[in-house]
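# Fold and geometry: a report
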Amino acid sequence: MRVVIAEDSTILRAGLVELLTLRGHEVAAAVKDGEALRAAVAEHRPDVSIVDIRMPPTCTDEGLRAAIALRAANRGEPILLFSQYIETKYAAELLADRAGGVGYLLKDRVAEVSDFLGALSRVAAGETVLDPEVVTQLLGATRKAGVLATLTQREREVLELMAQGRSNAAIASTLFLSPGSVEKYVTSLFGKLGLAPSDGDNRRVLAVLRYLES
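Throughout what follows, the structure given in this document is the object of discussion. Everything numeric here is computed off the predicted structure, so don't read it as measured data. (Residues numbered from 1 in each chain as written. Predicted model: local features only at pLDDT ≥ 70, side-chain atom pairs only at ≥ 80, totals over all residues. Heavy atoms only, no water.)

## Focus: the packing of aromatic side chains
Here the structure, examined in full by the defined rule, presents one aromatic pair. Centre to centre, the rings of Phe82 and Phe116 are 4.9 Å apart; their planes meet at 45°, and the pair counts as tilted. Placement of the pair is Phe82 in strand β4 (residues 79-83) and Phe116 in helix α5 (residues 113-124), with a sequence separation of 34 residues. For Phe82, a relative accessible area of 8% corresponds to the buried category. According to the relative accessible area criterion, Phe116 is buried, its value standing at 3%. Taking the ring centre of Tyr85 as reference, the NZ or CZ of Arg54 above it sits at 3.6 Å. (Phe/Tyr/Trp six-rings, centres within 6.5 Å; stacked < 30°, edge-to-face > 60°. Helix = DSSP H or I, 4+ residues; strand = E, 2+ residues; numbered from the N terminus. Buried < 20%, exposed > 50% of the residue type's maximum accessible area, 1.4 Å probe, protein only. Lys NZ or Arg CZ within 6 Å of the ring centre and 35° of its normal.)

In structure tokens:
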């Protein structure tokens, strides 16, 4: 993959460059602020960008705003947010275009390099990958949404795992269910959320987005 990195920590930025390079990926640019990120993406057209949330000059939300701007300019621009912080408002906004190719991982919760690289590859391939803690806080922010009243506890559990990018087989293993049971839950929640079969949309992503919308 061709990757652009936006990270204001010099040590972490250098570490990501070395990690990706050693595994055969091309780091087209490694920058430290949102403006440089936008310029690097325009120049190099990476397969995926790794973006910190808080970068100069204010170290608040520059990375997120740059990521949202990139997605607005090019729907589906693959972005993996890699941060210590959870910003539920902006995470929902980043997901709102429903194009996939978005990830949100927490630095302190990535236990294995292989997990990080796997998530990066999935985002580059157009999938949506969210850290479980990010999902928990996103769901907590929408507990009063009317659609929740139509879902059973088990359906919410299945949907939360879908938000993490899990396949039906992985969901079955996590919840100790048969693959057939998971398929029934998925079909049921699709129906409750009003998501008819479609060749043009990924219903798993749409289901997650519908659940998160308030």
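## Section: unusual backbone geometry
A cis geometry characterises the amide bond from Pro56 onward to Pro57, with omega recorded as 10°. One non-glycine residue with positive phi stands out, namely Arg45, at about 45°. Examined against the element boundaries, Arg45 turns out to sit in the loop between α2 (34-44) and β3 (48-51). Overall, the relative accessible area of 42% leaves Arg45 in the partly exposed class. With phi around 55°, Phe176 is a residue other than glycine that occupies positive phi space. For Phe176, the position within the fold is in the loop between α8 (168-175) and α9 (179-192).

## Examining the pairing of β4
Among the five residues of β4, five are classified as buried, and the element is accordingly described as predominantly covered. Sheet analysis places β3 next to β4, joined by three bridges and oriented parallel. Bridging from a neighbouring strand, Val51 pairs with Leu81 of β4. With respect to chirality, the unit in which β3 leads through helix α3 (residues 62-73) into the neighbouring parallel β4 is right-handed. Relative to strand β5 (residues 102-106), β4 runs parallel, the two sharing five bridges. Opposite Leu80, over in β5, you have Gly103 as the bridge partner. (Pairing = 2+ DSSP bridges. Right-handed = clockwise from strand over helix to strand, strands pointing away.)

## Some words on the sheet that holds β5
Ordered in space as β2-β1-β3-β4-β5-β6, the six strands form an open sheet in which the pairing is parallel. Each edge of the open sheet carries a strand with a single partner, namely β2 (26-31) and β6 (128-130). The average undirected angle you get between the axes of adjacent strands in this sheet is 15°. For β5 and β6, the ladder comprises three bridges, and the chain directions are parallel. Each bridged residue has a counterpart across the sheet, and for Val102 the counterpart in β6 is Thr128. (Axes fitted to C-alpha atoms, helices over the stretch in contact; angles between N-to-C directions.)

## A short note on the nonpolar core
A general tendency of soluble globular proteins is for nonpolar side chains to be buried together. Core analysis: the biggest nonpolar cluster contains 27 residues, and Val4, Leu37, Val51, Leu81 and Tyr104 have the highest contact counts within it. Looking at this core, the elements with two or more residues in it are β1 (2-6), β2, α2, α3, β4, α4 (88-95), β5 and α6 (132-140). If one sorts the elements of this core by residue count, α3 sits on top with five residues. Listed in part, the 16 residues of the second largest apolar core include Val3, Leu19, Leu20 and Leu120. (Core = buried A, V, L, I, M, F, W, Y, C linked by side-chain atoms within 4.5 Å.)

## What about the pattern of salt bridges?
Enumeration according to the criterion identifies 10 salt bridges in this entry. Between Asp131 and Arg109 there is a salt bridge, with the nearest N and O atoms lying 2.8 Å from each other. Of this pair, Asp131 sits in the loop between β6 and α6 while Arg109 sits in the loop between β5 and α5, and the two are 22 residues apart along the sequence. The exposure class of Asp131 is buried, given its relative accessible area of 6%. A salt bridge links Arg122 to Glu127; its shortest N-O distance comes to 3.2 Å. Residue classification places Arg122 among the partly exposed positions, given a relative accessible area of 26%. You can call Glu127 partly exposed: its relative accessible area is 36%. Here the residues in one salt-bridge network are Glu7, Asp52 and Lys107, joined through shared partners. (Salt bridge = Lys/Arg side-chain N within 4 Å of Asp/Glu carboxyl O.)

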